[in-house]
Structure formats: structure tokens, C-alpha cells
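Results of the structural survey
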Protein chains: 2
Amino acid sequence: MTNSEQMHLTVQLSSGYGVEPGGWRWPGENPSAFVDIETFVKAAQVAERGMVDAFFMVDIPGTANDIARSQPQTSLDPIVVLTSMAMATERLGLVATMSTTFNEPYNIARQFRSLDLVSKGRVGWNVVTTGASAALLNYLPGLPSSEHKHARSREVHEAVVKLWGSWPQDALLLDVEGGRFADTGKIKSIDYRGEFVTTKGPLNLPPSPQGMPVVFTAGGAQDGFQLAAASADATYNNPYDIQSAQRYWSTLKNAMARHGRKPEDITVFSGIITSVASTEREALDRRAALDDLADPDSRVAYLGYMLGIHLDGLDRGKAIPQDLMARARPTPADPRSRRAYELAKRGLTIRDILAHGPINYHPVALGTPEQVADLLEAWFRADIGRGFNITPDSGLTALTDFVDQVIPILQRRGLFRKAYDEPTLRGRLGLPYRNG
Amino acid sequence: MTNSEQMHLTVQLSSGYGVEPGGWRWPGENPSAFVDIETFVKAAQVAERGMVDAFFMVDIPGTANDIARSQPQTSLDPIVVLTSMAMATERLGLVATMSTTFNEPYNIARQFRSLDLVSKGRVGWNVVTTGASAALLNYLPGLPSSEHKHARSREVHEAVVKLWGSWPQDALLLDVEGGRFADTGKIKSIDYRGEFVTTKGPLNLPPSPQGMPVVFTAGGAQDGFQLAAASADATYNNPYDIQSAQRYWSTLKNAMARHGRKPEDITVFSGIITSVASTEREALDRRAALDDLADPDSRVAYLGYMLGIHLDGLDRGKAIPQDLMARARPTPADPRSRRAYELAKRGLTIRDILAHGPINYHPVALGTPEQVADLLEAWFRADIGRGFNITPDSGLTALTDFVDQVIPILQRRGLFRKAYDEPTLRGRLGLPYRNG
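Keep in mind that what you see is a predicted model, and the values were worked out from it rather than measured. Position labels on residues start from 1 in each chain and follow its written sequence. To read the labels, note that chains go from A and ligands from 1, taken in the order they are written. Totals for whole chains, interfaces and linings use every residue, but because this is a predicted model, local features are given only for residues with pLDDT of at least 70 and side-chain atom pairs only at 80 or more, for both listing and counting. Note: side-chain values were computed over all heavy atoms of the structure, leaving out hydrogens and water.

When helices and strands are counted, chain A shows 15 helices and 13 strands. A compact globule built from 436 residues should have a C-alpha radius of gyration of about 22 Å, and chain A, at 23 Å, falls within 12% of that. Projected onto the principal axes, the alpha-carbon positions of chain A cover approximately 85 × 50 × 45 Å. The burial tally for chain A puts 62% of its 436 residues in the buried class. Of the contacts formed within chain A by residues at least 6 apart in sequence, a portion of 76% connects residues at least 24 apart. Computed with the Shrake-Rupley method and a 1.4 Å probe, the accessible areas treat only the protein chains shown as cover for residues. Put simply, chain A shows about 15700 Å² of open surface, and 49% of that area lies on carbon and sulfur atoms. Secondary structure elements are defined from DSSP: runs of H or I of at least 4 residues count as helices, runs of E of at least 2 residues count as strands, and each element is numbered from the N terminus. We take the radius of gyration over the C-alpha atoms and set the globule estimate at 2.2 Å times the residue count to the 0.38 power. Think of it in three bands: with a 1.4 Å probe and only protein chains considered, a residue is buried below 20% of the maximum accessible area for its type, exposed above 50%, and partly exposed in between. Contacts are residue-level and defined by heavy atoms, with any inter-residue pair within 4.5 Å sufficient.

Encoded structure:
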């Protein structure tokens with residue numbers, strides 16, 4: 001079975017918890033996960049047991065959400081977390097976001113290469129610009145313009161890749177007998193001088209078994225799309241339905257062709273939230289209970305906003321009254337709004353509408369393990385770019401359910417690997433060795 | 001036995017090797033140690049077996065020496081290395097250098113706090129400015145002035161400590177029942193605006209069991225001395241003889257008193273190179289053989305420079321001829337030069353003079369385990385600030401010899417702990433919990 005006939009999966013925990021803001025309160029989850037490396041390490045080991053391509057860490061270096069009642073969105077430094085995971089796993093890939101908006105190329109190049117060497121070629125760098133002011137103001141006196149951020153990002157990415165390439169594989173001699181450590185004629189300065197960043201190089205470390213880390217990008221934003229089209233090895237995308245996913249992949253393939261690249265040069269990971277239970281009814285109840293742990297009133301209000309009606313004061317255990325529905329004004333161009341309207345029209349209770357996830361950032365795959373596998377299979381067969389980034393609802397226990405209950409079904413259907421074929425992340429994504 | 005009656009020890013490997021530049025070629029050492037995390041992890045486990053206070057990593061982010069024949073001085077990123085060590089040890093302290101010359105305070109604060117949380121309070125930050133142009137030019141378009149570096153360093157240190165203090169211990173509630181994650185009224189922005197760095201805060205992580213990381217500094221340089229006097233918890237010093245060490249400690253104590261601080265508020269770690277063997281003769285032969293692995297001619301030339309005479313073409317196996325010695329002009333103010341002259345006057349062969357280490361940066365403790373322990377005891381009893389940073393000659397095997405052969409002697413003499421008394425590094429150094 002070739003690479004393109006099986007799906008690729010990364011998994012994610014948000015600062016040690018699931019994607020739902022009440023995850024820290026869910027029975028069985030660790031309330032202090034955001035500072036407990038053991039939770040992250042266990043998550044990595046669970047992911048590896050499921051032959052998952054990689055663990056993925058988003059990152060916003062700051063406190064970007066209100067943590068009076070919700071868990072924080074990010075916490076421990078991703079390099080520290082992924083290094084801990086590298087020490088406790090053998091094959092799992094390790095992908096971290098590190099922003100180009102305020103980090104130095106030499107630090108990015110060196111930290112990712114160090115982690116890539118420690119993990120023997122399992123690392124990916126997710127190239128992003130930072131939007132959250134709660135992070136930007138931890139580094140900069142004011143908010144930079146998008147143009148500034150995109151221009152700096154291009155420079156940082158270029159400089160990092162050049163630094164990685166500055167030490168070619170054959171420059172390391174380690175000739176103990178002859179006393180030749182390295183062929184320094186092959187290790188060259190890069191003398192990078194951009195408008196925003198400067199770095200002389202060379203990098204002080206040789207390539208890993210995969211060469212350089214896999215380059216990911218957040219391909220939804222404009223600059224991320226450009227990087228995905230021109231050179232990235234993988235991209236995260238956040239479509240809410242199959243149609244949006246297909247449209248993105250089709251547009252990306254065309255843009256890649258203009259750069260002389262083939263579809264198999266990249267893997268698109270679409271974000272999916274999973275909620276696994278014994279029945280669909282149980283999964284909906286699980287999600288409603290999770291909602292109840294984290295400010296359900298504001299979720300109801302947001303649902304109303306999406307439908308163009310006010311839902312305050314209504315009984316969440318009942319359907320939206322028909323006369324109110326008659327005044328609903330969804331936004332058809334927004335698939336979330338369309339989905340909310342469709343669920344409401346079916347007469348579902350407000351709790352169940354919300355449980356289906358129309359106000360979630362990612363689509364929700366919920367129900368029995370078979371139902372979750374069905375959704376992934378349907379998307380996969382619809383030609384959406386071969387990959388998914390799985391975000392479990394509550395936390396580590398939900399990740400474990402996905403790995404132990406859904407992945408075996410995907411494996412039985414021939415949709416997912418039963419063993420790690422390639423030792424490096426680059427190889428696993430069907431990409432050749434590359435350094436610089 | 002109180003803290004002040006026992007010595008404190010940190011140990012160090014230079015990028016995975018010993019301090020001698022031919023260490024990578026020494027039998028039993030790993031030639032590829034600089035990219036092999038297992039070597040670092042084993043070193044940490046050996047150090048922990050010896051109840052050593054902490055493993056210490058210097059750092060120059062760049063290629064600061066010629067690696068055609070010698071091992072590199074630095075390699076893997078210190079945060080990656082220390083995280084790996086944290087995962088493989090329980091009690092060992094972990095101290096890394098991170099420069100204030102080009103790093104952002106928020107990154108320093110967050111990476112060290114992350115590591116401090118992962119290790120449960122075992123981390124130290126060594127605050128330094130960077131001098132090596134091979135590192136500076138990886139970050140900056142030109143070489144900054146000393147004034148610029150010192151002023152920026154003061155700001156970065158201040159901002160980092162404020163960020164650490166921005167999340168007080170009692171702000172983390174984790175009240176699962178009541179749904180209160182944190183008392184956000186206690187987690188405050190710091191709004192730091194300096195001339196060189198800006199950071200709003202707060203930090204996104206609570207304190208570790210020791211509060212904030214232990215602050216080390218390189219106390220030989222002027223700015224490091226100021227930080228050591230004013231507030232640092234520990235300092236590295238590089239005296240070549242007991243008199244210099246005493247002078248430094250006495251000067252530092254006076255400077256601390258002017259800041260209202262007591263001697264026990266700081267631990268001074270003096271750098272010592274160790275070469276352990278069965279006899280003194282074997283230790284000298286070992287060191288001569290290590291010299292032979294790394295450009296011995298240039299070492300002879302440097303010895304000549306120190307003595308003010310030319311030694312080219314002389315038989316290294318013989319003493320310096322008396323007529324040549326009559327023309328020697330050592331520099332009496334330089335203890336290394338004084339030591340070289342004294343050894344030469346005793347009629348030692350050139351190889352043996354060099355083996356005694358007069359051209360090494362640190363003094364060399366060589367000979368039997370007892371002799372090495374004797375030197376450490378003599379220094380310790382001479383009131384030099386209670387600590388040593390041990391740099392073994394060849395690498396991990398030499399570190400193992402020190403731990404397994406010298407430390408038991410120090411323990412029998414009551415000079416070093418037999419078990420880890422305190423779980424945190426701060427506690428081990430006799431310092432109270434502190435955060436910000």
C-alpha cells in the first residue's frame with residue numbers, strides 16, 4: 001500500500017488538556033496537566049501505541065484566554081515538552097509551532113536541529129506568524145503590521161533553512177585515527193542579511209537522519225498558504241466541512257503546480273475534534289456534560305448569534321421554539337452557521353445542537369468508534385489532502401479512547417498503518433532525505 | 001553538618017567531551033558525543049549517583065573554535081540537553097547558560113520555568129553576556145559594545161525575574177468542584193519597558209517547587225561580579241590558585257555586605273580540571289597522551305610564550321636546557337606563568353610541565369583519587385566560597401572516575417553529602433523558596 005492510499009494522523013492536546021475549555025474538570029483527566037510533564041509523556045506513549053505520525057503542539061507564548069474558569073490554551077515551552085516526549089518514545093514524530101514574529105533564526109534552527117538529533121529524525125517545525133496580542137506584547141513594544149510579520153516570516157524561514165543546510169552530511173568525519181573531526185571546508189557561513197534578521201552561521205550541528213526537520217505551516221492564513229504552495233512539507237488546515245477541505249486542497253495543488261511541485265510533496269492535516277462513546281446518544285451527553293463544565297450560557301448565546309436570534313432564557317433541554325426558528329437568519333456562506341441551522345430545524349434540543357459542535361472551531365466526529373472512523377474515512381476518500389489532526393475533547397483519556405478504539409478500525413479498513421514503516425518523520429510522510 | 005561545612009559540586013562536559021581538545025579521540029570516549037544525547041544522559045546519571053549538586057552547561061551558540069581537529073566547544077541546545085537529563089534523573093540539579101545579549105526575556109523566563117517545572121525545582125540559569133563574535137554574529141549585524149551588553153543584561157535579568165514573580169504560588173486554584181482554575185487577580189502584567197527589551201507579561205506558568213530557578217552568574221567578569229554581589233544565588237569563578245580564589249571570595253563578601261547580603265546567600269563554584277589515575281606518574285602520562293591527541297606543538301609554543309622563551313624544536317621528553325631557562329622571563333603577576341616557571345625550574349620534562357596544566361584555563365587536580373581529593377580539601381578549607389565546578393579531562397569516562405573514586409573519599413572525610421538532603425536545587429544550596 002503506498003503512502004497516498006493511507007491517511008496520516010497527528011494528535012494534539014491543548015496545553016495538556018482536550019480542546020473543550022472544561023476539559024480540566026472532566027473525571028479522569030489531570031486538572032494540573034498544563035504543568036505536569038507526565039501527562040504529556042503518557043499522551044506521547046499512547047499516540048505511539050497507535051502508530052500516529054506525530055504529536056503536534058500549537059503555541060501562543062502568553063496567556064491568551066481567561067484562565068479564571070478555563071484551562072490555559074498553551075503552557076510549557078514546546079521544545080521542553082517535545083524533548084521529554086522524545087526521551088520516552090522511539091518512533092513518534094514531534095511537531096512544534098515556533099513563531100517567526102519574534103524568535104531568532106539561529107535559535108529556531110539550533111533548537112529544532114537539537115531536538116531532531118535527540119529524536120533521531122522525528123521532528124517538524126510549524127512555521128507561523130503570531131496574531132495574539134497577549135503573545136506579541138511579551139516580545140514587542142507594539143503590534144506589528146501583517147506586512148511586517150509576513151516579510152519577517154519569509155526571512156526567518158529562509159535563514160533557518162539555510163542554517164540547516166550550512167552543515168552538509170558529509171562534513172562530519174569523526175576520524176579518530178587520523179585526528180580529523182570535521183571537514184571544515186564544507187561547513188560554510190551563510191552570511192544572511194535580511195531587512196529584519198541577520199545571521200552569519202554556520203549552524204553548529206550536523207544534520208539528523210532525516211536531514212532537516214519537516215517544515216509544517218498553518219496553511220489557512222495567506223502567508224502560510226504561500227509557504228505551503230512554494231516549499232512546505234506539510235500544512236495544517238481547518239476546514240469545517242468536506243467541501244471546504246476539497247476546495248482548499250484543489251487550490252493548493254494548483255498553486256503547488258505553479259511552483260513545479262506535485263501533490264505528494266505535501267500532506268494536508270485537517271483538524272477534527274473527536275468524541276468517542278458507546279453510542280451516539282452517549283457521545284452527545286458526554287459533550288453536553290463537557291459544555292456544562294465551562295460557561296454553557298456563553299455557548300448558547302454564541303449559537304443564537306450564529307442563527308441570528310436570541311436564545312437567552314430558553315430551556316436548554318428543549319428544542320428552539322418554531323416561532324423563534326422562523327425568524328432565524330443563518331449565514332449560508334459559513335458552514336458552521338449552516339450546520340447549526342440544519343440541526344435546529346431537525347428539532348434537536350439546544351444542548352444537542354451544541355453537542356454536535358456547530359460552534360466549535362473544528363468539525364466534531366462523535367459517536368461510536370465506528371461512526372468516528374466513518375467520518376474520517378468519508379473525508380479521506382473525498383480527496384482532501386490525506387491527513388487529519390485529531391483534537392480529543394476532554395484530554396488524555398479521550399486521546400486514549402481515540403487511539404485504542406478508533407485507530408484499530410481504521411487499520412482493519414486498510415486506511416492506516418499497522419506499524420511504523422519509516423524511522424524518520426520525513427520518510428513517514430513519503431518525503432526523501434533533505435537538508436537545506 | 002550544616003551547609004557551610006560541606007562543599008558543593010557541579011560537573012561539566014564540554015559539548016559531551018572533556019575539557020582537553022583531544023578528548024573525542026580518547027579510548028573509551030564517544031567520538032560523536034556532541035550529537036549523542038545518550039552520552040549526556042549517562043553523564044547526568046553518573047553525576048546523580050555521586051550526589052553532585054548539579055550538571056552545568058556552558059554555551060556559546062556558534063562554532064567558536066576550529067573543529068577540523070578539535071571537538072566543538074558547544075553543540076546541542078542546553079535546554080534540550082537538560083530536559084533530556086531531567087527525564088532520566090530524580091534529584092540532580094540542572095544549570096544552563098543562556099546569554100542576555102540576544103535572547104528575549106520571555107523566552108528565557110518560559111524555557112527555564114518549563115524546565116524547572118518538568119524537573120520539579122532543580123534548575124539554575126547562568127546569566128552571562130556573550131563575548132565570542134562567532135556567536136554574536138549569528139544574531140546581530142555587528143559586535144555590540146561592552147556597555148551595550150551590560151546594560152541589556154541588567155534589563156534582561158530584571159525582566160526575567162519579574163516575569164517569574166508575575167505568577168505567585170497561591171494564584172493556582174485548580175478547584176475542580178467550583179470550576180475556578182486560577183485566581184487571575186493575583187497574576188499580574190509586569191509591563192516592563194527598558195531601553196533594550198520590552199515584555200508585558202504575565203508569564204503563563206506558575207512557580208516550581210523551588211519558586212524560581214537558581215540564578216547563577218559568571219562572576220569573573222565585571223557585570224557578573226555586580227550581579228553576584230547584588231543578588232545572584234551562585235557564581236562561577238575561575239581562579240588559578242588558592243590565593244586568587246581567596247581574594248575573589250573576600251572581595252565578593254565585602255561587595256555583598258554593601259548590598260546587605262550575607263556570605264551564605266551565595267555559593268562560589270571554582271573551576272577545577274581533574275585527571276584521576278592509579279599513580280601521579282600515570283596521571284601525568286595520561287595527560288601527556290591527551291595532549292598528543294590535539295596539536296601538541298601549539299601547546300609547547302604557548303608554554304614558551306608563557307616563559308618568555310622559544311621552545312621550538314626541543315625534545316618534549318627532556319627538560320628545558322638550563323641556558324635557555326636562564327633567559328626565561330615569566331610574568332609573576334600571572335599565576336599560570338609562575339606555575340610554569342616553577343615546574344620548569346624543577347627540571348621536569350616539557351611533556352610533564354604541560355601535563356601539570358600551567359597553560360590550562362583551570363587548575364588541574366591530578367594523581368590518585370586521594371591526591372585529587374586532597375587538592376579539593378585544601379582549597380575548600382582555605383575559605384574560597386564552598387564550591388567547585390569539576391571539568392574532567394577526557395570526557396564521560398573521566399567524569400565517572402571522578403564520581404566513583406574521588407567523591408567517596410570526600411564523603412568519608414565528611415566534606416561532601418552522602419545523600420541528597422533537599423529535593424530542590426535552591427534548598428540544596430541552603431537557600432529558601434523564592435519566586436521573583
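All names here are of chain A. With 17 residues, helix α7 (residues 242–258) should cover 24 Å at 1.5 Å per step; its first-to-last C-alpha distance of 25 Å lies within 8% of that length. The inward-facing, buried residues of α7 abut α6 (222–230), β10 (234–237), β11 (267–276), α11 (335–345) and α13 (369–381). Within two residues after α7, glycine 260 carries a phi angle of roughly 75°, on the positive side. Multiply 1.5 Å by the residue count of a helix minus one, and that product is the helix's expected span.

Taken together, the contact between chain A and chain B spans 69 residues of the former and 69 residues of the latter. Note on definitions: salt bridges are taken to be side-chain nitrogens of Lys or Arg within 4 Å of carboxyl oxygens of Asp or Glu. Taking the shortest distance from any N to any O, the salt bridge between Arg110(A) and Asp59(B) comes out at 2.6 Å. The term polar contact refers here to a pair of N or O atoms within 3.5 Å; inside protein, the definition further demands a hydrogen-donor-capable atom paired with an acceptor-capable atom, and it admits residues adjacent in sequence only when both atoms are side-chain atoms. For the interface between chain A and chain B, the tally reads 33 residue pairs in polar contact (both at pLDDT 80 or more). At the level of elements, α1 (37–49), α2 (78–88), α3 (105–118), β5 (172–175), β6 (180–182) and β8 (198–199) of chain A are the ones that each hand at least two residues to the side of chain A that touches chain B.

Moving on to the packing of α1(A) against α2(A). Residues and elements named next belong to chain A. Every angle, taken between N-to-C directions, lies between 0 and 180 degrees, and every axis is a line fitted to C-alpha atoms, over only the stretch in contact when it is a helix. In the contact formed by α1 and α2, the axes pass within 9 Å of each other and the chain directions differ by 50°. By the criterion of interaxial angle, the relationship of α1 to α2 is oblique. Between α1 and α2 the crossing geometry is right-handed. Of α2, the residues touching α1 (which contributes Ile37, Phe40, Val41, Ala44 and Gln45) are Val81, Ser84, Met85 and Ala88. For this scheme, ten residues count as nonpolar: Ala, Val, Leu, Ile, Met, Phe, Trp, Tyr, Cys and Pro. Four count as charged, namely Asp, Glu, Lys and Arg, and the remainder, Gly too, count as polar. Split into classes, the residues belonging to the contact of α1 with α2 amount to seven nonpolar, two polar and no charged. Any angle between 65 and 115 degrees counts as roughly perpendicular, while under 35 counts as roughly parallel, over 145 as roughly antiparallel, and the rest as oblique. For any helix crossing, the convention is left-handed if the near helix is rotated counterclockwise from the far helix by under a right angle, and right-handed if that rotation is clockwise.

Moving on: the UniProt feature "domain: Luciferase-like" (unreviewed entry) in chain A. Look at the UniProt record and you will see "domain: Luciferase-like" (unreviewed entry) annotated at residues 36–380 of chain A. Helix makes up 43% of residues 36–380 of chain A and strand 15%, and the two end C-alpha atoms of the span are 34 Å apart. UniProt positions are given in the numbering used here, feature names are shortened, and annotations may be inferred rather than shown by experiment.

The next thing to look at is the relation of the copies chain A and chain B. The operation relating the two chain copies consists of a rotation about an axis and a shift along that axis. Superposing chain A onto chain B takes a rotation of 180° combined with a translation of 0.0 Å along the rotation axis, leaving an RMSD of 0.0 Å. Such a combination of turn and shift is consistent with a two-fold rotation axis. A shared interface surface links the copies, since 100% of the contact residues of chain A are contact residues in chain B too. To superpose the copies, least squares is applied to the C-alpha atoms of every residue with a pLDDT of at least 70 in both.

A separate point is the pattern of salt bridges. Residue and element names in this part refer to chain A. Applying the stated rule across the entire model yields 48 salt bridges over all chains. The salt bridge partner of glutamate 20 is arginine 287, with a shortest N-O separation of 3.0 Å. With glutamate 20 in the loop between β1 (8–12) and α1 and arginine 287 in helix α8 (residues 280–292), this residue pair connects regions lying 267 residues apart in the sequence. Here glutamate 20 matches arginine 287 in class, with each residue buried. Residue glutamate 20 is joined to arginine 299 by a salt bridge in which the shortest nitrogen-to-oxygen separation is 3.5 Å.

A word on the packing of aromatic side chains. In this analysis, rings of Phe, Tyr and Trp, with Trp reduced to its six-membered ring, are considered paired at centre separations within 6.5 Å, and the interplanar angle assigns stacked below 30 degrees, edge-to-face beyond 60, and tilted for intermediate values. According to the stated counting rule, one finds 28 aromatic pairs over all chains in the structure shown. Plain terms: the ring middles of Phe34(A) and Trp167(B) are 6.1 Å apart, the flat faces sit at 35° to each other, and that makes the pair tilted. One end of the pair, Phe34(A), is in the loop between β1 and α1; the other, Trp167(B), is in the loop between α5 (146–165) and β5 (172–175), on a second chain. The exposure class assigned to Phe34(A) is buried, which follows from its relative accessible area of 0%. Residue classification places Trp167(B) among the buried residues on the basis of a relative accessible area of 1%. Aromatic pair Phe216(B) and Tyr236(B): ring centres 5.4 Å apart, planes at 25°, arrangement stacked. Taken together, the positions of Phe216(B) in strand β9 (residues 214–218) and Tyr236(B) in strand β10 (residues 234–237) put the pair 20 residues apart, joining distant regions of the chain. Of the aromatic side chains, those joined through ring pairs into one cluster are Tyr17(A), Trp24(A), Phe34(A), Trp167(B) and Phe181(B).

The next subject is the environment of Asp315(A). All names here are of chain A. One can find aspartate 315 in the loop between α9 (296–307) and α10 (322–326). Residue aspartate 315 is classed as partly exposed on the basis of its relative accessible area, which comes to 44%. With 34 residues separating them along the chain, aspartate 315 and threonine 349 place their C-alpha atoms 8.7 Å apart. Here glycine 317 takes part through its backbone nitrogen, which lies 2.7 Å from a polar atom of the side chain of aspartate 315.

Here we come to the packing of α1(A) against helix α14 (residues 396–412) of chain A. Residues and elements named next belong to chain A. Where α1 contacts α14, the axes come no closer than 9 Å and their chain directions differ by 10°. Judged by the angle between their axes, α1 and α14 are roughly parallel. Here Thr39, Lys42, Ala43, Val46, Ala47 and Arg49 of α1 come into contact with α14, specifically with Leu396, Leu399, Thr400, Val403 and Asp404. Residue composition of the contact of α1 with α14, by class: six nonpolar, two polar and three charged.

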